[in-house]
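# Observations on the model geometry
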Amino acid sequence: MDELELEFELHPQLAADCIVLGDFPISRLLLMNDANYPWFVLVPRRAGATEIYHLSDEEQCELIKESSFLASNLADSFAARKMNVASLGNMVPQLHLHHIVRYETDKAWPGPVWGKVPAEPYTAEQIHEIRRKLEALMSGELEFVPEE
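Thresholds, definitions, all that
- Residues numbered from 1 in each chain as written.
- Predicted model: local features only at pLDDT ≥ 70, side-chain atom pairs only at ≥ 80, totals over all residues.
- Heavy atoms only, no water.
- Helix = DSSP H or I, 4+ residues; strand = E, 2+ residues; numbered from the N terminus.
- Buried < 20%, exposed > 50% of the residue type's maximum accessible area, 1.4 Å probe, protein only.
- Contact = heavy atoms within 4.5 Å.
- Lys, Arg positive; Asp, Glu negative; His and termini not counted.
- Charge placed at Lys NZ, Arg CZ, Asp CG, Glu CD.
- Core = buried A, V, L, I, M, F, W, Y, C linked by side-chain atoms within 4.5 Å.
- Polar contact = N/O pair within 3.5 Å; in protein donor to acceptor, adjacent residues only side chain to side chain.
- Pairing = 2+ DSSP bridges.

### What about the overall build of the protein chain?
- Each helix and strand counted, the protein chain has four helices and six strands in total.
- N-terminal to C-terminal, the α/β element order of the protein chain is α-α-β-β-β-α-β-β-α-β.
- Considered along the principal axes of its C-alpha atoms, the protein chain spans approximately 45 × 35 × 25 Å.
- Within the protein chain, the fraction of its 148 residues that count as buried is 42%.
- Of the contacts formed within the protein chain by residues at least 6 apart in sequence, a portion of 59% connects residues at least 24 apart.
- For the protein chain, the centre of its 12 positive side-chain charges and the centre of its 25 negative side-chain charges are spaced 9 Å apart.

Listed below in structure tokens is the structure:
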């Protein structure tokens, strides 16, 4: 573990809006607490990183690998019509990548999900089911350590 990972702290807004699901080699995996959409967030555990280019070349490659792995598995597992993957950071400067499973029947289709409808928090049972589903699909070529 290097100094940047030791100094890493999740931005307070992400901590308030999300549920921690676990860790990939470089990124923390979060679930946005909004049952309107299967919405996941990858946050590289690197203090001070606000842009992908702030990461080393190796870290950039690992982040893209984790993002692609996550998006592919989410698309299959949640039968996505489209995967929206984006790094915006206008409200939360900490580097993070949104992975949103989209359907033609979702409440915001075809527009962006931000601010379309009020967030609908997950129930404990829904969170448990998502954790169970993730454990099954994360047993691939990337190491994933679920949050206890």
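### What to know about the nonpolar core
- In terms of nonpolar packing, the biggest core is built from 27 residues, with Phe-24, Leu-29, Phe-40, Leu-74, Leu-134 and Met-138 touching the most fellow members.
- When residues of this core are traced back to their parent elements, those giving at least two are β1 (18–23), β2 (27–32), β3 (39–44), α3 (57–77), β5 (97–102) and α4 (124–137).
- Element by element, the count of residues in this core is highest for α3, at five residues.
- The residues contacting Met-138, other than those within four sequence positions of it, are Phe-24, Leu-29, Phe-69, Leu-70 and Phe-144.
- Membership of the second largest hydrophobic core comes to 13 residues, among which are Phe-8, Tyr-37, Trp-39 and Val-92.

### Here's the deal with the side chain of Arg-45
- Considering the arrangement of structural elements, one finds Arg-45 in the loop between β3 and α3.
- Exposure remark for Arg-45: the relative accessible area of 6% places this residue in the buried category.
- Here the side chain of Arg-45 touches Phe-24 through a polar contact of 3.0 Å, landing on its backbone oxygen.
- A polar contact of 2.8 Å, which involves the side chain of Arg-45, links it to the backbone oxygen of Pro-25.

### Points about the pairing of β3
- The element β3 is largely enclosed, with a buried count of six among its six residues.
- The side-chain alternation of β3 yields two buried faces, one formed by Trp-39, Val-41 and Val-43 and the other by Phe-40, Leu-42 and Pro-44.
- Judged from the five bridges that link them, β2 and β3 form a sheet pairing that is antiparallel. Across the sheet, residue Leu-31 finds its bridge partner in β3, namely Phe-40.
- Hairpin remark: β2 followed by β3, antiparallel, with six residues in the connecting loop.
- Where β3 and β5 come together, four bridges link them in antiparallel fashion. Note on β5: the bridge partner recorded for Trp-39 is Ile-100.

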